[in-house]
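One letter stands for each residue in the lines below.
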Amino acid sequence: MRIARFTTGDEPSYGVVTGEVDQFGQPADDSVIVALAGDPLYVGIKLLEQEHKLADVRLLAPTLPRSKVVGIGRNYRAHAAELGNEVPDEPLMFIKPNTSVVGPGDPISYPAQTSELHFEGELAIVIGRICRDVPPEKATDVIHGYTIGNDVTARDLQRKDGQFTRAKGFDSFCPLGPWIETDLDPQTFADGVSIQTYLNGDLKQDGSTKDLIFDIPTLVAHVTSVMTLLPGDVILTGTPEGVGPMEIGDEVEVSIAGIGTLTNKVAQR
Ligand code: MG
C-alpha cells in the first residue's frame, strides 16, 4: 500500500495511492488517491468515499517526523571511500531537525553560507510507533514503511565544522516522498533494491541496497538503543557512491525500485 499526504488547496489529508508505477517509479496516468480519515499512524487505515485523480492533488511530505530524522553516515563502502573516509565499525549517527523536511516538488533552498551543495539519494525508514531498545528481530514491528529521502548536504560546511549539524540541518535539506510504501520488508532490501539519483536527467548515483553495510534491523536496533523514536520519525539509511553538486535551477530525482521517484528543484534561498 502506498500512503501519501496531499492537499487540494485545503487542509492536508492522508490517502492511499492506487494503480501501478512504471520502472522509473512514475505512477500511471489514471492513478487515483483515495482519502483516509485522519492520520493512519494513529487511527489506522480508514478509507473515505472520496477520491481524486493523483494528477489533481499536490503531494506533501508523506510523514511529519514527530521528533527527528536520524541520518546514518558512511553506510555504503564505495561512498565512504569517495569522500576519503573509513567505514565505521558501528553505525555513524547524526540528526537532521524535523524542520529540514520538505515534500516532493518543494524547492531545495540553496543557502548563501555554502558553495558546495550535494545531493545524497537514500532509502528512508518511517517509524510507526513509539519505541526504544528494539532488538533487530523486532525491527519490523516498529516500521510503518519506506520512502525516499535526499540527505542534502553543504559539503564545504561539513568539512569546515567537523560535524554535521549545520551542513545537513538547513530548512529544506530533507526532501521526503513521494509516498510511504508499506508492503516492503528488510529482506527485500538485503536482497538488493535499485537506488538511483538523476541530476537534470543524468544518472549520478546507481546503487543497490544490498550494499548497505549495516542493514535495516541493525539500524533500528542501534538508533533505538540510544534514543526513543516517535511515530513518523525517519531513519535515513545512507547514500551510495556518486554524490555531487547541485546548482540553482537543477532538478534532482531519486528513484527506488518498488517505491517511486522523489523530484525536487534547487532554488535560491
Ligand atoms: Mg547521507
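Residues numbered from 1 in each chain as written. Predicted model: local features only at pLDDT ≥ 70, side-chain atom pairs only at ≥ 80, totals over all residues. Heavy atoms only, no water.

A.B. asks: Explain the overall build of the protein chain to me, please; I cannot follow it from the model alone.
C.D. replies: Helix and strand counts for the protein chain stand at seven helices and 20 strands. For the protein chain, the C-alpha radius of gyration of 17 Å lies close to 18 Å, the compact-globule estimate for 269 residues. Overall, the protein chain is about 55 × 45 × 30 Å in size when its C-alpha atoms are taken along their principal axes. Taking all 269 residues of the protein chain together, 55% fall into the buried category. About 11600 Å² of surface is accessible on the protein chain, with carbon and sulfur atoms providing 48% of the total. Counting 22 positive and 39 negative side-chain charges, the protein chain places the centres of these two groups 6 Å from one another. (Helix = DSSP H or I, 4+ residues; strand = E, 2+ residues; numbered from the N terminus. Rg over C-alpha atoms; globule rule 2.2 N^0.38 Å. Buried < 20%, exposed > 50% of the residue type's maximum accessible area, 1.4 Å probe, protein only. Areas by Shrake-Rupley, 256 points an atom, 1.4 Å probe, with all protein chains shown as cover. Lys, Arg positive; Asp, Glu negative; His and termini not counted. Charge placed at Lys NZ, Arg CZ, Asp CG, Glu CD.)

A.B. asks: Before we go on, may I ask you to explain the coordination of the magnesium ion in this structure?
C.D. replies: Four donors placed tetrahedrally about a metal ideally form angles of 109.5 degrees, and six donors placed octahedrally ideally form angles of 90 or 180 degrees. Distances from the magnesium ion to its protein donors, E120 (OE), E122 (OE) and D151 (OD), fall within 2.0 to 2.1 Å. Within one chain, the residues serving as donors to the magnesium ion are arranged as E-x1-E-x28-D. With E120 in the loop between β10 (117-119) and β11 (121-127) and D151 in the loop between β12 (143-150) and β13 (153-154), this pair connects stretches of sequence that are 31 residues apart. For the pair formed by E120 and D151, the shared burial category is buried. (Donors = N, O, S within 2.8 Å, 3.2 Å for Na, K, Ca; no water.)

A.B. asks: Sorry, what's going on with helix α7 (residues 216-224) here?
C.D. replies: Because each turn of an α-helix spans 3.6 residues, side chains separated by three or four positions end up pointing in the same direction. The element α7 is largely enclosed, with a buried count of eight among its nine residues. Looking at α7, one finds that the buried residues are I216, P217, L219, V220, A221, H222, V223 and T224.

A.B. asks: I keep staring at the sheet that holds strand β20 (residues 260-268) and nothing clicks. Help me out?
C.D. replies: Whether parallel or antiparallel, the strands of a sheet pair through hydrogen bonds between backbone atoms. In space, the five strands of this open sheet follow the order β9-β20-β19-β15-β16, with mixed pairing throughout. At either end of the open sheet lies a strand with only one pairing partner, and these are β9 (108-110) and β16 (202-208). For this sheet the average axis-to-axis angle between neighbouring strands, irrespective of direction, equals 20°. One ladder, built from six bridges, connects strand β19 (residues 251-256) with β20; its direction is antiparallel. (Pairing = 2+ DSSP bridges. Axes fitted to C-alpha atoms, helices over the stretch in contact; angles between N-to-C directions.)

A.B. asks: In this structure, what is going on with the domain arrangement of the protein chain? I would like to understand it.
C.D. replies: A common way to report how large an interface is uses the accessible area buried once the components associate. Per the domain assignment, the segments making up the protein chain are domain 1 (2-60) and domain 2 (68-268). Using only C-alpha atoms to locate each centre, domain 1 and domain 2 end up separated by 23 Å. Summed over both sides, the interface of domain 1 with domain 2 buries roughly 1200 Å², with 60% coming from carbon and sulfur. Broken down residue by residue, the surface that domain 1 buries against domain 2 is led by R2, I3 and L41, which jointly contribute 44%. For the interface between domain 1 and domain 2, the tally reads one salt bridge. Residue R58 pairs with D106 through a salt bridge whose shortest N-O separation is 3.2 Å. Between the two partners, domain 1 and domain 2, sit two residue pairs in polar contact (both at pLDDT 80 or more). Only β1 (2-7), α1 (40-43) and β5 (58-60) provide two or more residues apiece to the side of domain 1 that touches domain 2. (Domains from an automatic or database assignment. Buried area = accessible area lost by both parts, 1.4 Å probe. Salt bridge = Lys/Arg side-chain N within 4 Å of Asp/Glu carboxyl O. Polar contact = N/O pair within 3.5 Å; in protein donor to acceptor, adjacent residues only side chain to side chain.)

A.B. asks: Quick question: what am I supposed to make of a nonpolar patch on the surface here?
C.D. replies: On the surface, M1, I45 and L47 cluster together into a nonpolar patch covering about 270 Å² of accessible area. With respect to the helices and strands, M1 occurs in the segment before β1. (Patch = residues over 30% accessible without salt bridge, like charges linked within 9 Å, V, L, I, M, F, W, Y side chains within 5 Å.)

A.B. asks: Looking at this structure, how should I read the side chain of Q196?
C.D. replies: In this fold, Q196 is placed in strand β15 (residues 194-199). A polar contact of 3.2 Å, which involves the side chain of Q196, links it to the side chain of Y198. A polar side-chain atom of Q196 sits 3.0 Å from a polar atom in the side chain of D206.

A.B. asks: Mind showing me how you'd approach the sheet that holds β10 here?
C.D. replies: If you walk across this open sheet you meet the three strands as β13-β10-β18, and the pairing is antiparallel. In this open sheet, the two strands that pair with only one neighbour each are β13 and β18 (244-245). Bridging between β10 and β13 involves two bridges; their strand directions are antiparallel. Pairing of H118 across the sheet is with T153, part of β13.

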